[in-house]
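Examining the three-dimensional arrangement
This is what each chain is made of:
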Number of protein chains: 2
Amino acid sequence: MRAAVLNIGDEVLLGHTINTNLSLIAKTIWDYGILIDEQVTVRDEKKDIIEAFCRLFDKYDMIFTSGGLGPTVDDMTTECIADALGRDLVLNEDVLKDLEYYFISSGRKMTENNKKQAVFPSDSEVINNDFGTASGYFLREQGKWIIVLPGPPIEVKNILTKFLNRYKTKEKISIKIINTQGIGESTLEERLRKLDLNSNYSVNTYFGSGGVDIKIVSEDRNGNELQKLVDKLTKEFKENIYDYDSDSISKSLLKKLIEKDKTVAFAESCTGGNVSIRFIENPDASRALICSLVTYSDESKMKELDVKAETLKEHTAVSEEVAREMLEGLKNKYHADYYAITTGYASPTEDKRTNGLVYIGIYDRENDKTILLEDNFFGTRMQIIDRVTNYLFFNIIKLMG
Amino acid sequence: MRAAVLNIGDEVLLGHTINTNLSLIAKTIWDYGILIDEQVTVRDEKKDIIEAFCRLFDKYDMIFTSGGLGPTVDDMTTECIADALGRDLVLNEDVLKDLEYYFISSGRKMTENNKKQAVFPSDSEVINNDFGTASGYFLREQGKWIIVLPGPPIEVKNILTKFLNRYKTKEKISIKIINTQGIGESTLEERLRKLDLNSNYSVNTYFGSGGVDIKIVSEDRNGNELQKLVDKLTKEFKENIYDYDSDSISKSLLKKLIEKDKTVAFAESCTGGNVSIRFIENPDASRALICSLVTYSDESKMKELDVKAETLKEHTAVSEEVAREMLEGLKNKYHADYYAITTGYASPTEDKRTNGLVYIGIYDRENDKTILLEDNFFGTRMQIIDRVTNYLFFNIIKLMG
């Protein structure tokens, strides 16, 4: 199935909004074997929208539009599509009632304009929007699919997911994601090629939250066969797998900590608070987080973690010795099940050997086990910080078993 | 000047890469009075690239392309453009020498393929790339502009800036940005409309790193007139201005601290490390940062900042009383010039009154001055965290005077 995406909105072309919807749609529909061949953004101009829509409709089997479903005069996606396909605009009484109820219950006044959002091209199937007043919908024309989505990403995700659930039921598709860390995409792909994989499945790799993810997509629903393939890949990549079907490595770590009723304490130097915020980004973080100290300066390493002045002087802050003392200090200060620390260089150093040099340390109280790892990371300052954060989360998950 | 952007690359259409280049290009060229009317993404397919390029070239005065300048067979932007315009491909000896030098000095072997990056359509003006081997270039055809950029955003920024400097010199454009915080875009625009502004300038608002920025663009180089306008706007919005021409509020704060030779200490609860990482994101952070504690749990508030158990019990962690004790504890623990703390709810609460309720506290040691502010923030968890972080940075800058 070859598809196109039509984004509608001046704010994208002015650069005020980064178009994350294309990536969101592409990644989501790819699981269903649908590939995007072209994407276009046009202004909120009737002529431009109709022209682009007709051109894409002629070329592709499936058209996703995004944006232009609001109540203002600028929003004209629906009338343009009706116009392009020669369909009437029909008022949907159920949607109108929902809209009226929404305005009454939120104490706001419904204007004539708002009624626009209850009007659809004839024979459209409406998809309710859980995050806004703009319903999505889809329609069929000449065997092709047209899926009409709002602009805000949270609403796109909501309506697209609902659309694909209806689509999936018909097409019988199953999906599994294997989340890995610490293995490059090209190495992973090379090893995948060497395995003798069942060709009924499409197996692909892409960048996930914590490293490279492997995505298996099947168009038949034989769960047994899919599980066999997952088992095979698990065996091949078990060193690097931290979870399945996860969209966030910090969430995977937190989930595991909560499941096992364990807690964690962090002290970060070179990651500068990134470990902390990426963990706390998850609303449940407080269920497992004991403390998180950003000991960026030498002074705070000494004061907070009892790192010795001599050790800092003799070995510098980026050394195995200081990493050990940071871990020790954290252990003595708080009672947690797991302790984790980082220290390293996130910005380029003059000495080539220390460029991107980072130490991480983890301690498992129950088993009295310490892990100390040294590695060199590459990239921009924020890339290095993010990669070290992933590396730390991954190693805690692996240590937890 | 009406422009179009042509993005080339399978990785964008597969959703692996979010297209941030469109926004980057749009925002940057907007300063020069160039507006984007249409944007298209196509696959790495010769036929698709040429077809899209020709269509856009017919319709617009300026075409930016991005992607497809690498050394592999997939990279065919240059040959497609030469083909579309009927120009020859010409080897640029200077660029070839630079490439050879690059490969020798980095100890890598230059292949036949790499020479592709020294070939350009005839009569192109080459723009050197500081971050990669793919040079950018621009050419004129039938009075129109064609600007050919690589794919990676850092390289796009580099080459686009250089192109616009050449373009600017000819067109005589001057620009000033006023950075504000704590005032909504619509309020700001309304107040702008009420001022009697010189119509020689285009004055617009957009979302910046710390709040809403005002951008003034003038097509003549009369610096005096521009300064008068900036003075007028400064007078009108002085309560909300934190800097001029800044692309990051944390950088503005750090710059001010370094200029005045002052230091800062943070303790954050609800912002969970975000204040810290956004400050430390700047490579110079260590010149002003004394410490940064993430006291997310009650335990760490007590242990790190001597917050009293009774105060937590009586008033909860999100209270003016706890905010005061956090600030007091931080002051007693470290010696800095400025101290700043946050505590609040980043996730929705059942009680409407406490929804998004946040306290920030700042202490200025030299003047023995304490500021304690309470406000309600709205948005998703991460939006609230980011907004509180901006609010805190802004109030430290204002306190510094």
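Cut-offs applied
Here the residue index of a chain counts from 1 through its sequence in written order. Throughout, the order in which chains and ligands are written sets their labels, letters from A for the former and numbers from 1 for the latter. This being a predicted model, a pLDDT of at least 70 is required before a residue's local features are given, and a value of 80 or more before pairs of side-chain atoms are given or counted; all residues contribute to the totals for chains, interfaces and linings. Excluded from the side-chain calculation are hydrogens and water; included are all heavy atoms of the structure. Only DSSP runs of H or I reaching four residues or more are called helices, and only runs of E reaching two or more are called strands; each is numbered from the N terminus. Residue burial is assigned from relative accessible area. The probe radius is 1.4 Å, only protein chains are included, and a residue is buried under 20% of its type maximum, exposed over 50%, and partly exposed in between. Whether two residues touch is decided by their heavy atoms; if any such pair falls within 4.5 Å, the residues are in contact. Working definition of accessibility: Shrake-Rupley area with a 1.4 Å probe, residue cover restricted to the visible protein chains. Counted as positive: Lys and Arg. Counted as negative: Asp and Glu. His and the chain ends are not counted at all. For charged residues, the charge sits on one atom: NZ in Lys, CZ in Arg, CG in Asp, CD in Glu. Throughout, nonpolar core names a set of buried Ala, Val, Leu, Ile, Met, Phe, Trp, Tyr and Cys residues whose side chains join them through atoms within 4.5 Å. Accessible area, probed at 1.4 Å, shrinks when two parts are joined; the buried area is that loss added up over both. By salt bridge we mean one thing: a side-chain nitrogen of Lys or Arg within 4 Å of a carboxyl oxygen of Asp or Glu. As used in this structure description, the phrase polar contact means that two N or O atoms lie within 3.5 Å; if the pair is within protein, one of them must be able to donate a hydrogen and the other to accept it, and residues adjacent in sequence are counted only when both atoms belong to side chains. Just so you know the grouping, Ala, Val, Leu, Ile, Met, Phe, Trp, Tyr, Cys and Pro go in nonpolar, Asp, Glu, Lys and Arg go in charged, and all remaining residues, Gly too, go in polar. A strand pair is defined by DSSP finding two or more bridges across the two strands. For helices, the fitted line uses only the C-alpha atoms of the stretch in contact; every axis is such a line through C-alpha atoms, and the angle between N-to-C directions lies from 0 to 180 degrees. The least-squares superposition of copies is restricted to C-alpha atoms, and to residues with a pLDDT of at least 70 in both copies. Here is the rule for angles: anything less than 35 degrees is roughly parallel, anything more than 145 is roughly antiparallel, 65 through 115 is roughly perpendicular, and the remaining ranges are oblique. Here a crossing is taken to be left-handed if its near helix is turned anticlockwise relative to the far helix by less than a right angle, and right-handed if that turn runs clockwise. Domain boundaries shown here were taken from an automatic or database domain assignment.

What follows deals with the overall build of chain A. Each helix and strand in chain A was counted, giving 14 helices and 17 strands. Overall, chain A is about 80 × 55 × 45 Å in size when its C-alpha atoms are taken along their principal axes. By the burial criterion, 55% of the 401 residues in chain A qualify as buried. Taking the intrachain contacts of chain A between residues at least 6 apart in sequence as the baseline, contacts between residues at least 24 apart amount to 66%. Split by element, the accessible area of chain A, about 17700 Å² in all, is 47% carbon and sulfur. Considering chain A, the positive charge centre built from 52 side chains and the negative charge centre built from 65 side chains are found 3 Å apart.

Turning next to the nonpolar core. By size, the foremost hydrophobic cluster in this structure holds 72 residues, and its most contacted members are Phe266(A), Phe279(A), Phe266(B) and Phe279(B). For Phe279(A), the contacting residues outside a window of four places in its chain are Ser250(A), Leu253(A), Leu254(A), Leu257(A), Val264(A), Phe266(A), Ala285(A), Ala288(A), Leu289(A) and Phe393(A). Residues Phe53(A), Val95(A), Phe120(B) and Ile146(B) belong to the second largest nonpolar core, which totals 56 residues.

We now examine the interface of chain A and chain B. Tallying the contact residues gives 59 residues for chain A and 59 residues for chain B. Between chain A and chain B, the buried area comes to about 4700 Å², and carbon and sulfur atoms account for 56% of it. Linking chain A with chain B are six salt bridges, by the criterion used here. Asp37(B) is the partner of Arg43(A) in a salt bridge, and the nearest nitrogen-oxygen pair spans 3.4 Å. For the pair chain A and chain B, the interface holds 27 residue pairs in polar contact (both at pLDDT 80 or more). Here the residues of the side of chain A that touches chain B sort into 25 nonpolar, 20 polar and 14 charged. Here strand β14 (residues 289-294) of chain A runs beside strand β14 (residues 289-294) of chain B; their pairing, made up of three bridges, is antiparallel. Its bridge partner being in β14(B), Ser292(A) is matched across the sheet by Val294(B).

Residues and elements named next belong to chain B. Mapped onto the elements of the fold, Leu85 is located in helix α4 (residues 77-85). Linking Leu85 and Arg43, residues 42 residues apart in sequence, is a C-alpha distance of 20 Å. If near-sequence neighbours (up to four positions away) are discounted, Leu85 is found in contact with Phe53, Phe57, Leu139, Glu141 and Ile146.

This brings us to the pairing of strand β3 (residues 62-66) of chain B. Residues and elements named next belong to chain B. Judged by how many residues are buried, β3 sits mostly within the fold: five of five residues are covered. In β3, alternate side chains face the same way, and those of Met62, Phe64 and Ser66 on one face and Ile63 and Thr65 on the other are all buried. Note that strand β1 (residues 2-8) and β3 share five bridges and pair parallel. Note that in β3 the partner of Leu6 across the bridge is Thr65.

Backbone-to-backbone hydrogen bonds pair the strands of a sheet. The strands run either parallel or antiparallel. What the twelve strands build is an open sheet, ordered β6(A)-β7(A)-β8(A)-β3(A)-β1(A)-β2(A)-β2(B)-β1(B)-β3(B)-β8(B)-β7(B)-β6(B); its pairing is mixed. Of all the strands in the sheet, the pair left with one neighbour each is β6 (125-127) of chain A together with β6 (125-127) of chain B. Within this sheet the neighbouring strands show an average axis-to-axis angle of 15 degrees, counted without direction. Note that β3(B) and strand β8 (residues 144-149) of chain B share five bridges and pair parallel.

This part covers helix α9 (residues 249-259) of chain A. Residue and element names in this part refer to chain A. Looking at α9, one finds that the buried residues are Ile249, Ser250, Ser252, Leu253, Leu254, Lys256 and Leu257. In this fold, the buried residues of α9 make contact with β12 (241-244), β13 (264-268), α10 (274-280), β15 (338-344) and α14 (381-400). Following α9 by one or two positions, Asp261 has its phi on the positive side, about 55 degrees.

Moving on, we get to the relation of the copies chain A and chain B. Here chain A sits on chain B after a turn of 180 degrees about the axis and a move of 0.2 Å along it, with an RMSD of 0.3 Å. The superposition of one copy onto the other is thereby described by a two-fold rotation axis.

All names here are of chain A. Of all seven residues in strand β11 (residues 212-218), seven are buried, a share of seventy percent or more. Where burial is concerned, the two faces of β11 agree: the one with Val212, Ile214, Ile216 and Ser218 and the one with Asp213, Lys215 and Val217 are both buried. The sheet contact formed by strand β9 (residues 174-180) and β11 spans six bridges and is antiparallel. Bridging from a neighbouring strand, Ile178 pairs with Ile214 of β11. Of the strand pairs in this sheet, strand β10 (residues 201-207) and β11 are connected by seven bridges, and their pairing is antiparallel. Bridging across to β11, Phe207 finds its partner in Val212.

A few words now on the side chain of Arg87(A). All names here are of chain A. The topology assignment puts Arg87 in the loop between α4 (77-85) and β4 (89-91). Reaching out from Arg87, the side chain makes a polar contact with the backbone oxygen of Ser122 at a distance of 2.8 Å. Within the structure, the side chain of Arg87 is placed 2.5 Å from the backbone oxygen of Arg140, a separation counted as a polar contact. Filtering out sequence-adjacent residues up to four positions away, Arg87 remains in contact with Ala82, Pro121, Ser122, Asp123, Leu139, Arg140 and Glu141.

On to the sheet that holds β11(A), then. Residues and elements named next belong to chain A. If you walk across this open sheet you meet the four strands as β10-β11-β9-β12, and the pairing is antiparallel. Either end of the sheet is taken by a strand with one partner, and the two such strands are β10 and β12. Averaged over all neighbouring strand pairs, the angle between strand axes comes to 20 degrees, with direction disregarded.

The next point concerns the pattern of salt bridges. All names here are of chain A. Going through the model one piece at a time under the given rule, you end up with 54 salt bridges over all chains. The salt bridge involving Lys176 is made with Asp245; its shortest N-O contact spans 3.2 Å. Separated by 69 residues along the polypeptide, Lys176 in strand β9 and Asp245 in the loop between β12 and α9 bring together distant segments of the chain.

Residue and element names in this part refer to chain B. Running from N to C, helix α3 (residues 46-59) and α4 cross one another at 50 degrees; their axes reach a closest spacing of 9 Å. Considering their axes alone, α3 and α4 lie oblique with respect to each other. Pair α3 / α4 crosses with right-handed handedness. Touching Lys46, Ile49, Ile50, Phe53, Cys54 and Phe57 of α3 are Glu79, Cys80, Ile81, Asp83, Ala84 and Leu85, all from α4.

Residue and element names in this part refer to chain A. Per the domain assignment, the segments making up chain A are domain 1 (2-171), domain 2 (174-244) and domain 3 (249-400). Its C-alpha centre places domain 2 at a distance of 29 Å from the equivalent point of domain 3. At the interface, nine residues of domain 2 touch nine residues of domain 3. Of the roughly 730 Å² buried at the junction of domain 2 and domain 3 (both faces included), carbon and sulfur atoms supply 44%. Across the domain 2-domain 3 interface, the total number found is one salt bridge. For Lys255, the salt bridge identified is with Asp243, shortest N-O distance 3.0 Å. Where domain 2 meets domain 3, there are five residue pairs in polar contact (both at pLDDT 80 or more).

All names here are of chain B. Of note, the phi angle at Asp245 is positive, near 55 degrees, even though the residue is not glycine. One non-glycine residue, Thr316, adopts positive backbone phi at about 70 degrees. Mapped onto the fold, Thr316 is located in the loop between α12 (309-315) and α13 (320-333).

Quick look at the packing of α9(A) against α14(A) now. Residues and elements named next belong to chain A. Look at α9 against α14: their axes get within 9 Å of each other, and the N-to-C directions meet at 30 degrees. Between α9 and α14, the angle is such that the two are roughly parallel. As α9 packs across α14, the resulting crossing turns out to be left-handed. Residue-level contacts link Ile249, Ser250, Ser252, Leu253, Lys256 and Leu257 of α9 to Asn390, Phe393, Phe394, Ile396, Ile397 and Met400 of α14. Split into classes, the residues belonging to the contact of α9 with α14 amount to eight nonpolar, three polar and one charged.

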